[in-house]
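Residues per chain are reported as follows:
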Amino acid sequence: MRRLQRMQRDFDRRGTSAEFLVIGYDPDRDDAAAWHQYRETRHLTRSNWHFLIGTRAAVEQTARQLGFEFWKYDEHVMHDTRVLYFDEHGTLLETSEAAGYETTLR
Amino acid sequence: MGTTKHPRANRGRSWVGALLVAALGHSPVTHAATNDSDRIAVLEQKLDQSLQLIRQLSARVQDLEAQAAHGAPPEADKRSGTAAAAPPAAAAQPGTPAAAQTGAAAPTPPDTAQRLAKVEQTVNQMAASAGQHADEGLATHGFADVGIGNRNAEFPQYQGADIAELDFFLTPRLGSRTRALFELNFEVGSDGNVGVDLERAQIGYQFADSATVWLGRFHTPYGYYNTAFHHGQQIATSLRRPRFIEFEDHGGIMPAHTVGAWLTGSERVGEQKVTYDVYIGNSQRITGGKLDMNNAGNTHGSTIVGGNLGLLLSGALDGLKVGVDVFQTRIEDEDPLPPLPAYVTQVRSYGAYAAYDTDSWEDIAEFHVFNNRDLTGHTGTHHSDAGFLQMGYRAGRYTPYARYERGAFQQSDDYFAAQATGSSYYRTALGLRFDVDLVSALKLELAQTHLTDRVISSYDEALLQYAIRF
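Residues numbered from 1 in each chain as written. Chains lettered and ligands numbered in written order. Predicted model: local features only at pLDDT ≥ 70, side-chain atom pairs only at ≥ 80, totals over all residues.

Colleague: Looking at this model, I keep getting lost on the overall build of chain A. Mind explaining?
Modeller: Looking only at helices and strands, chain A has three helices and six strands in total. Reading chain A from its N terminus to its C terminus gives the helix and strand order α-β-α-β-α-β-β-β-β. Relative to its length of 106 residues, chain A is compact, with a C-alpha radius of gyration of 14 Å against a globular reference of 13 Å. By the burial criterion, 57% of the 106 residues in chain A qualify as buried. The contacts in chain A between residues at least 6 apart in sequence include a share of 46% that link residues at least 24 apart. (Helix = DSSP H or I, 4+ residues; strand = E, 2+ residues; numbered from the N terminus. Rg over C-alpha atoms; globule rule 2.2 N^0.38 Å. Buried ≥ 20, exposed ≤ 12 C-beta atoms within 10 Å, placed from the backbone. Contact = placed C-beta atoms within 7 Å.)

The structure is reproduced here in structure tokens:
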């Protein structure tokens, strides 16, 4: 998330508009109220940041189509860390693997 | 459209997509080293105006408005082969009830509807553009860890290098409501040999988001640690579990596994979230100086019954979970040789816990009181207690942590006296976790353990663990 925030700052400096999509892996926990709370506590309230949830099947299907691997170990979500870049037509431009590490509930 | 307003309004808009973790109270920490500025510069060259997209969006908005006017469910709910659309879009509106997941359309202002429609379409476009497909088969995941130290982390009578466990985790897809979870563990036991254990075997049905019932063998939901962390060490900050809540065959003195039925769930109450667990199962026994969960049932029909009630706080206390738990069971000590009768103890445990888990901190405190009664009438009632406090700070890829734990167990209580590791103790530990990459971690721990009854002694440990997930 911090990386995405850095990207936002870069975009702002360059005068570029961008939309950020963040999709929760776990519909059982990432409900709308949870996302709302998440945004509020982390000051991620800009309107170009979209925090999404879906049904479990929809999330799994979207993740597969976008090439995100994840699996659940009880409350823990094991996942990779990548950022996909799309143009305004929704065409995938680039996939960026995180050079560092990212983890979730440990 | 409810999107970012910018002076260069005619510039095309790019989309950055990312999937985020599920546990919102435990958000990820990113440490990217790539130069995003260069990438953005390249991206800027690729972006231009999108009048065509606007036309598409306008048409799409009209479609959605028409659907809403006719009470039709969002299109994504009817489609197969497309990405998450309507439910996520509804969720993007702050304060939208979770019921939006069901596709029940809540009234939305026109500008919000347009914005959500755009998001929906973009998600679909992105998914279609990426166009990757994965196998639908059963994926195998798991954990493994190895170590080295002046003592074995679990069995201090050994020293040197050790293999600890190879843990396979299977969650077959059985439908939208049916759940299954199996954890098959190859682990080194106290005799130094590798054994195989079906650590968890659960089949369940999710009645609602707030209620899932499991049947089988599960981790007894007492306290916090036993269900927050499982057999895979890679997910745990510390190198090992607190000694008194280790698994039964690794020296734990509490019934870490139960074979029975378990109802669990959570419900949002205002800004907070309430979690609950209620369970009943075979009462455990003591055999060979260790607790056994009676996988096949027991011969006397007695049960363990318990519950756990937790509260996930929000706002200024976001990341804090507090809770209480209780269980009662009837433990038979089968080790006395005939003609001595088996000791039977009614074990009653009351627990309380607090866990503060944020982007930076992972602090856990857990405390249990035991009021045990000797049902064979020899020694009466006994009071014991155990607890630990662990504090960890996530500083990038490094997580230093400290833990203090103690157990004060009445040795006149057969429940503790009969267990090989049932002696009182206290332990202090300092550790450092280093995340090598996404799937592996190195942990170093220095610990000092004092045994305070039965045999009074102490020993120091310097332990190194390499844990992975796959």
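Colleague: Would you explain the overall build of chain B in this entry?
Modeller: Helix and strand counts for chain B come out as seven helices and 19 strands. Taken across its 470 residues, chain B has 44% of its residues classed as buried.

Colleague: Would you mind going over the pairing of strand β8 (residues 272-282) of chain B with me for this structure?
Modeller: Taken residue by residue, a regular strand's side chains alternate between the two faces of the sheet. Residue and element names in this part refer to chain B. Of the pairings in the sheet, the one linking strand β7 (residues 257-269) to β8 comprises 10 bridges and is antiparallel in character. Pairing of Trp-262 across the sheet is with Tyr-279, part of β8. The sheet contact formed by β8 and strand β11 (residues 303-312) spans 10 bridges and is antiparallel. Across the sheet, residue Asn-282 finds its bridge partner in β11, namely Thr-303. (Pairing = 2+ DSSP bridges.)

Colleague: I'm lost on the pairing of β7 of chain B in this one. Help?
Modeller: All names here are of chain B. Here strand β6 (residues 211-219) pairs with β7 via eight bridges, running antiparallel. Counted as the bridge partner of Gly-216 is Gly-260 from β7. The antiparallel pairing of β7 with β8 creates a hairpin that spans two residues between the two strands, and Gly-270 there sits at a positive phi of about 65 degrees.

Colleague: Looking at this structure, how should I read the confidence of the model for chain A?
Modeller: Caution applies to low-pLDDT parts of the model: their predicted coordinates are not meant to be read in detail. All names here are of chain A. Model confidence for chain A is summarised by a mean pLDDT of 81, while 91% of its residues fall at 70 or above. Within chain A, the element-level pLDDT minimum falls on strand β6 (residues 92-97), averaging 80, and the maximum on strand β2 (residues 49-52), averaging 90. Counted against residues more than four places away or in other chains, residues 99-106, with its pLDDT under 50, gives 36 contacts. (pLDDT = per-residue confidence, 0-100.)

Colleague: So what exactly am I meant to see when it comes to unusual backbone geometry here?
Modeller: Unusually for a residue other than glycine, His-43 of chain A sits at a positive phi of about 60 degrees. With respect to the element layout, His-43 of chain A can be found in the loop between α2 (32-42) and β2. Under the C-beta neighbour-count criterion, His-43 of chain A is labelled exposed, with 8 such atoms within 10 Å. One non-glycine residue, Asn-294 of chain B, adopts positive backbone phi at about 55 degrees. Turning to its location among the elements, Asn-294 of chain B is positioned in the loop between β10 (290-292) and β11.

Colleague: When you look at the environment of Gly-265 of chain B in this model, what are you seeing that I'm missing?
Modeller: Residue and element names in this part refer to chain B. As for its placement among the helices and strands, Gly-265 is situated in strand β7. Taking the C-alpha atoms as reference points, Gly-265 and Gly-310, 45 residues apart in sequence, are found 10 Å from one another. Non-local contacts of Gly-265, meaning those with residues more than four positions away in its chain, are made with Ser-210, Ala-211, Thr-212 and Tyr-276.

Colleague: Would you mind showing me how to read the environment of Ala-447 of chain B here?
Modeller: All names here are of chain B. If you trace the backbone, Ala-447 turns up in strand β18 (residues 440-451). Sequence spacing of Ala-447 and Leu-340 is 107 residues, and the spatial spacing of their C-alpha atoms is 40 Å. In this structure, Ala-447 is in contact with Arg-427, Thr-428, Ala-429 and Glu-461, ignoring residues within four places of it in sequence.

Colleague: Help me understand the confidence of the model for chain B in this model?
Modeller: All names here are of chain B. With 73% of its residues at a pLDDT of at least 70, chain B reaches an overall mean of 80. Low pLDDT (under 50) marks residues 20-34, which in the prediction has 63 contacts with non-local residues, meaning those over four places away or in another chain. Note that residues 69-107 has pLDDT below 50 and, in this model, 87 contacts with residues that lie over four places away or in other chains. For this predicted complex, the interface confidence comes out at an ipTM of 0.76, alongside a pTM of 0.76.

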